[in-house]
Amino acid sequence: MTYDFDKIVDRSGSGDLKHGVLQERYGRSDLLPLWVADMDFETPQFITEALRQRLEHSLFGYTVVPDALWPTVIQWIQDHHQWDVRREWLTYIPGIVKGIGMAVNVFVKEDEKVIIQPPVYHPFRLTPEGNGRKVVYNPLKEVGGTYEMDFEQLAEVADDKCRLLILSNPHNPAGICWSRETLQRLAHFCYEHHIIVISDEIHADMALFGHQHVPFASVSDEAAQISITFGAPSKTFNIAGIVSSYAIVPNDSLRRRFYTWLEANELNDPPLFSPIATIAAYTQQGEDYRRQMLGYIEENIRFVEDYCREHLPRINPWRPQASFLVWLDCRELGLSHDQLVDLFVNRAHLALNDGAMFFAKQSGNDGSGFMRLNVGTPRAILRQALEQLRAAIAQNV
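Residues numbered from 1 in each chain as written. Predicted model: local features only at pLDDT ≥ 70, side-chain atom pairs only at ≥ 80, totals over all residues. Heavy atoms only, no water.

**Comments concerning the side chain of T236**
Relative to the helices and strands, T236 is located in helix α10 (residues 234–237). You can call T236 buried: its relative accessible area is 0%. If near-sequence neighbours (up to four positions away) are discounted, T236 is found in contact with M39, D205, M206, Y289, R290 and M293. (Helix = DSSP H or I, 4+ residues; strand = E, 2+ residues; numbered from the N terminus. Buried < 20%, exposed > 50% of the residue type's maximum accessible area, 1.4 Å probe, protein only. Contact = heavy atoms within 4.5 Å.)

Have a look at this one:
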């Protein structure tokens, strides 16, 4: 089957987040939204059909987890990432950010600390802070249009109060597939310092341009003993609203502490439609869809690169190794943070995530000069967005 990623879907009336909160978040509603990390592509029909078949049985009482769920997840991970996950390591969680909050409450006391590596997905900071824990910053180093981990600085800031490090793997917003060597080095450091690593691997199935995702827990025995991995089919198959996340914890002691707490609070039971969508995504035509979708995303990224090179030479899109998110380096425009946001929002009428969201002032960088662009959209919309930006910059000169 050939999927039509050029199809423009009218999302009005569906309650979608990216349109529904524009006025609240950006101060105006007449914006082209390319910010929140879901795609504008239809959820593939084989998932919709699986849900529709269950809807035909019009009784939605308490249900058990289908026997096929965890073997299906295990097989998908083995096929795509060559990681042999055991059944007892797995459980459902009601969302990855929620999972981070749960792990913080289980493993980090109120006087203890959580390490993050900005620029990074902002709930990594907001969730521990909202739960009353101190956040310690280990900023990534900018090297040649990408980022590297700064292990020397990590050694300086990681004291005996640091209990948890939250890893974005693949990285959001820069789309880095961390190398096996980098992950092994991180695992060794954290193992030696008794620091648990939460690895958010929600973009694991979206490696691009020949790159390969490496699961953190798979790189060494040290990594396996300190890791809590979170994954989901939600980004790949555009089903974030169904909430199909899961946790993988190889270490018996960590798993007992975490999963006992989840079970006691009935947070490990998936709602009715989550397993149905997951099984459909990871079987049936899921792999064919994934390959076609990633091919379209790669072409969208090339389109952005070519357009910027020809028409927006002062904007440098960093090519992601994974995901549908492009980190735009706009520093050559010479604008302050507020001026850059004004250019995109009030002049170009575009809603993107600004760089400040992914940094923290305490980390020594306020994110000025960066914007995150979602290219998981029909190319006609992407072209429209870039043309609006080009016109705005021309008027701003």
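**A short note on the environment of M293**
The topology assignment puts M293 in helix α13 (residues 286–311). By relative accessible area, which is 0% here, M293 ends up buried. Measuring from C-alpha to C-alpha, the distance between M293 and E24 comes to 31 Å, with 269 residues separating the pair along the chain.

**Considering the packing of aromatic side chains**
With the rule as written, the count across this model stands at 22 aromatic pairs. Consider the rings of Y26 and W35, whose centres lie 5.9 Å apart with planes at 70°: the pair is edge-to-face. Put simply, the rings of Y3, F5, F41, F46, W76, F237, Y282, Y289 and Y296 touch in pairs and so form one group of aromatic residues. Stacked on the ring of F209, the Lys or Arg R319 has its end atom at 4.0 Å from the ring centre. (Phe/Tyr/Trp six-rings, centres within 6.5 Å; stacked < 30°, edge-to-face > 60°. Lys NZ or Arg CZ within 6 Å of the ring centre and 35° of its normal.)

**Thoughts on the pairing of strand β4 (residues 134–137)**
Note that strand β3 (residues 113–116) and β4 share four bridges and pair parallel. Within β4, the residue paired with K113 across the bridge is K134. A crossover connection joins β3 to the parallel β4 through helix α6 (residues 123–130); in handedness this β-α-β unit is right-handed. (Pairing = 2+ DSSP bridges. Right-handed = clockwise from strand over helix to strand, strands pointing away.)

**Quick word on the packing of helix α4 (residues 69–81) against helix α12 (residues 273–282)**
It is at 9 Å that the axes of α4 and α12 come closest, and there the two elements cross at 35°. Crossing handedness for the pair α4 and α12: left-handed. Between α4 and α12, the residues in contact are L69, T72, V73 and W76 and P275, T278, I279, A281 and Y282, respectively. (Axes fitted to C-alpha atoms, helices over the stretch in contact; angles between N-to-C directions. Left-handed = near helix turned anticlockwise from the far one by under 90°.)

These values are about where atoms sit, not about what they do.
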